[in-house]
2 protein chains.
Amino acid sequence: MNCQSPATTPLVGILGGMGPAATVDFYSKLIAATPTSGDQGHLRVMIWADPTVPDRSAAITGDGEDPTPKLAEGARKLDEAGASFYVVACNGAHAFLPSVREQVDLDYLSIIDVTAEHVGRLPYVKKAGIIATDATLSAGIYQKVLLSAGVEPLVPSSADQHRVMESIYAVKANELRTEHRRGLAEVSARLCESGADVVIAACTEIPLILSPRECPRPLVDPAVLLANAVVSEAAYRAE
Amino acid sequence: MNCQSPATTPLVGILGGMGPAATVDFYSKLIAATPTSGDQGHLRVMIWADPTVPDRSAAITGDGEDPTPKLAEGARKLDEAGASFYVVACNGAHAFLPSVREQVDLDYLSIIDVTAEHVGRLPYVKKAGIIATDATLSAGIYQKVLLSAGVEPLVPSSADQHRVMESIYAVKANELRTEHRRGLAEVSARLCESGADVVIAACTEIPLILSPRECPRPLVDPAVLLANAVVSEAAYRAE
């Protein structure tokens, strides 16, 4: 990034609001990932936070409304405002991005690809546990890229997946309780017992519930990886 | 806010990035202020976070570049994207808003007005201490509205103001240390010794440094007041 000529720094688009607290968390991580000593060295960012995007899990697993039109609207707003590229601060929404990209031609960095690339490079990782929404798991987006990276994906049992969803909806409702944290720690422990060498916090709400010290094996935070990737990409585009 | 017809909820514009961490804090407070039990009841928000807006204090107190063009660019982006109204998550930037408003005709809620109105209604408040940037104090924006509300404004001594600025720049540089927190607590104590019945955290970075328990008298957080005002305004516009 060229801190001497800030006017030339690329505009980073963030499609967020799914949910809002996860977007706050992602933006915090992006700020923390940016090497600078004052306001002016930080990235120019536009956040389109539309929490009214229909529930991704409901859309994939059954009878929910299709979130694609609102996601495409957001991507279009980012494009029209001059974003150089964009990211989506919601793993589950990535299941709908192929359709969005047919409608809006704007470069983007995928949180799924960035994560799979990172995990695939860790020499000790043969199997990776995935804690994610029903949307992300049903769409198979992580399973597919992990397999391509030579890593076997492990997902929670149906009962555990139910607890994962309860915890995620609790964050969205601002009603997170100790039992949700404990439940998610147990889900991560069971994934590790099943052979997971790492656990992927594959929903942007998960890092708000489960901390690395509560997980028996390394907890991979895709939001941190995406933040780092955004900083690198912006620096590359500013050159 | 009409949670049944989320498509009709107004788009709230936030002009931020001054600095980025303060914008994260403001958006967190907006989320916390929103009464809802899931993503879809939260406000549709667009955040234009341009940290390359020239330093507001340098511009007002001396030889710094004028931030008005970049502030106007941000306001225009919010307007073009369809914002119903906007707020600026930076107190000091409000000194430049009259010029911005001449260029961009979009409704806005002022953090200064919202705060003065609140403080003016507190029956026990005769004097209010102001902890703010050089920009905010030199422009006199809080002093003017507080006097109109019947409240006498108190500002730190020159030496204390220097410590305030050091603390604020430390937040912006992600280099906040215990001495900054202690220094700001002492500044707030001296304002109270001088007769302040409340202390206004009149820079969006201050709540990241000074907590209410470190201030001898009630610490007023304009960001929280603005968040509440945004929720009310959005509900009013959605009806």
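Residues numbered from 1 in each chain as written. Chains lettered and ligands numbered in written order. Predicted model: local features only at pLDDT ≥ 70, side-chain atom pairs only at ≥ 80, totals over all residues. Heavy atoms only, no water.

S.K.: What's the story with the relation of the copies chain A and chain B in this structure? I'm lost.
M.R.: Relating one copy of the chain to the other takes a rotation about an axis and a shift parallel to that axis. Note on the identical chains: chain A maps onto chain B by a rotation of 180° and an axial translation of 0.0 Å, with an RMSD of 0.0 Å. When the rotation and shift are considered jointly, the pair of chain copies conforms to a two-fold rotation axis. No C-alpha of chain A lies nearer the rotation axis than that of isoleucine 47 of chain A, which sits 2.5 Å from it. Interface overlap between copies is the fraction of interface residues in one copy that are interface residues in the other; for chain A against chain B it reaches 98%, indicating a shared surface. (Least-squares fit on C-alpha atoms with pLDDT ≥ 70 in both. Contact = heavy atoms within 4.5 Å.)

S.K.: Looking at this structure, I do not really get the pairing of strand β2 (residues 44-49) of chain B. What am I missing?
M.R.: For a regular strand, side-chain orientation follows a simple rule: the groups alternate between the two sheet faces. Of all six residues in β2 of chain B, six are buried; the element is thus mostly enclosed. Neither face of β2 of chain B is left uncovered, since the one carrying Arg44, Met46 and Trp48 of chain B and the one carrying Val45, Ile47 and Ala49 of chain B both have all their residues buried. Alignment of strand β2 (residues 44-49) of chain A against β2 of chain B, held across five bridges, turns out to be antiparallel. For tryptophan 48 of chain A, the partnering residue across the bridge sits in β2 of chain B and is methionine 46 of chain B. Pairing between strand β1 (residues 11-16) of chain B and β2 of chain B: six bridges, direction parallel. Along β2 of chain B, the bridge assignment pairs leucine 15 of chain B with tryptophan 48 of chain B. Read as a crossover between parallel neighbours, the route from β1 of chain B over helix α1 (residues 20-33) of chain B to β2 of chain B is right-handed. (Buried < 20%, exposed > 50% of the residue type's maximum accessible area, 1.4 Å probe, protein only. Helix = DSSP H or I, 4+ residues; strand = E, 2+ residues; numbered from the N terminus. Pairing = 2+ DSSP bridges. Right-handed = clockwise from strand over helix to strand, strands pointing away.)

S.K.: Just checking my understanding: could you explain the interface of chain A and chain B for this structure?
M.R.: Quoted interface sizes are often the accessible area lost when the parts come together. Taken together, the contact pairs 41 residues of chain A with 40 residues of chain B. Counting each side, the surface lost to burial between chain A and chain B is near 3,000 Å², with a carbon and sulfur contribution of 55%. If you look at where chain A meets chain B, you find eight salt bridges. The interface formed by chain A and chain B includes 11 residue pairs in polar contact (both at pLDDT 80 or more). Listed by contribution, the elements that provide at least two residues to the side of chain A that touches chain B are α1 (20-33), β2 and α3 (68-80) of chain A. A total of seven residues in the side of chain A that touches chain B trace back to one element, the largest contributor, which is α1 of chain A. Residues of the side of chain A that touches chain B, tallied by class, amount to 20 nonpolar, 11 polar and 10 charged. (Buried area = accessible area lost by both parts, 1.4 Å probe. Salt bridge = Lys/Arg side-chain N within 4 Å of Asp/Glu carboxyl O. Polar contact = N/O pair within 3.5 Å; in protein donor to acceptor, adjacent residues only side chain to side chain. Nonpolar A, V, L, I, M, F, W, Y, C, P; charged D, E, K, R; others polar.)

S.K.: Help me understand the domain arrangement of chain A in this model?
M.R.: Residues and elements named next belong to chain A. Domain parsing of chain A yields domain 1 (6-111 + 224-238) and domain 2 (112-221). On a C-alpha basis, the centroid separation for the pair domain 1 and domain 2 is 21 Å. Contact residues are listed per partner, giving 23 residues for domain 1 and 24 residues for domain 2. Summed over both partners, the interface of domain 1 with domain 2 buries about 1,800 Å², with 58% contributed by carbon and sulfur atoms. Taken as a group, Asn91, Ile111 and Leu225 account for 32% of the area that domain 1 buries against domain 2, more than any other trio of residues on that side. Across the domain 1-domain 2 interface, the total number found is one salt bridge. One salt bridge in this structure joins aspartate 221 and lysine 29, with 2.5 Å as the shortest N-O distance. If you look at where domain 1 meets domain 2, you find 14 residue pairs in polar contact (both at pLDDT 80 or more). When contributions to the side of domain 1 that touches domain 2 are tallied by element, the ones reaching two or more residues are α1, α2 (56-61) and α10 (222-238). Partitioning the side of domain 1 that touches domain 2 into residue classes produces 12 nonpolar, seven polar and four charged. (Domains from an automatic or database assignment.)

S.K.: Any chance you could explain the packing of α1 of chain A against α1 of chain B here in plain terms?
M.R.: The description of two packed helices rests on the angle between their axes and on the distance between the axes. Put simply, α1 of chain A and α1 of chain B touch, their axes get as near as 10 Å, and they point 170° apart. The orientation of α1 of chain A relative to α1 of chain B falls into the category roughly antiparallel. Together, Pro20, Ala21, Thr23, Val24, Tyr27, Ser28 and Ile31 of chain A of α1 of chain A and Pro20, Ala21, Thr23, Val24, Tyr27, Ser28 and Ile31 of chain B of α1 of chain B make up the contact between the two elements. (Axes fitted to C-alpha atoms, helices over the stretch in contact; angles between N-to-C directions. Parallel < 35°, antiparallel > 145°, perpendicular 65-115°, else oblique.)

S.K.: Sorry, what's going on with the confidence of the model for chain A here?
M.R.: Low-confidence regions, as indicated by low pLDDT, have predicted coordinates that should not be scrutinised in detail. Of all residues in chain A, 97% have pLDDT values of 70 or greater, and the mean over the chain is 93. Confidence drops under pLDDT 50 across residues 1-7 of chain A; counting only partners more than four residues distant or on other chains, this segment forms 14 contacts. (pLDDT = per-residue confidence, 0-100.)

S.K.: Is there a simple way to think about α10 of chain A in this case?
M.R.: An α-helical turn contains 3.6 residues, so any two residues separated by three or four positions project in the same direction. All names here are of chain A. Over its 17 residues, α10 extends 24 Å from the first C-alpha to the last, a length consistent with the 24 Å expected when each residue adds 1.5 Å. The buried count for α10 comes to 12 of 17 residues, which makes it a mostly enclosed element. If you check which residues of α10 are buried, you get Pro222, Ala223, Leu225, Leu226, Ala227, Ala229, Val230, Val231, Glu233, Ala234, Ala235 and Ala238. With a side-chain oxygen lying 2.9 Å from the backbone nitrogen of alanine 223, the N-terminal cap of α10 falls on aspartate 221. (Expected span 1.5 Å × (residues − 1).)

S.K.: Please clarify how the packing of helix α8 (residues 158-172) of chain A against helix α9 (residues 178-193) of chain A should be interpreted in this entry.
M.R.: Residues and elements named next belong to chain A. Where α8 contacts α9, the axes come no closer than 9 Å and their chain directions differ by 140°. α8 and α9 meet at a crossing whose hand is left-handed. Contact residues: α8 offers Asp160, Arg163, Val164, Glu166, Ser167 and Ala170, while α9 offers His180, Gly183, Leu184, Glu186, Val187 and Arg190. Across the contact of α8 with α9, the residue classes tally to four nonpolar, three polar and five charged. (Left-handed = near helix turned anticlockwise from the far one by under 90°.)

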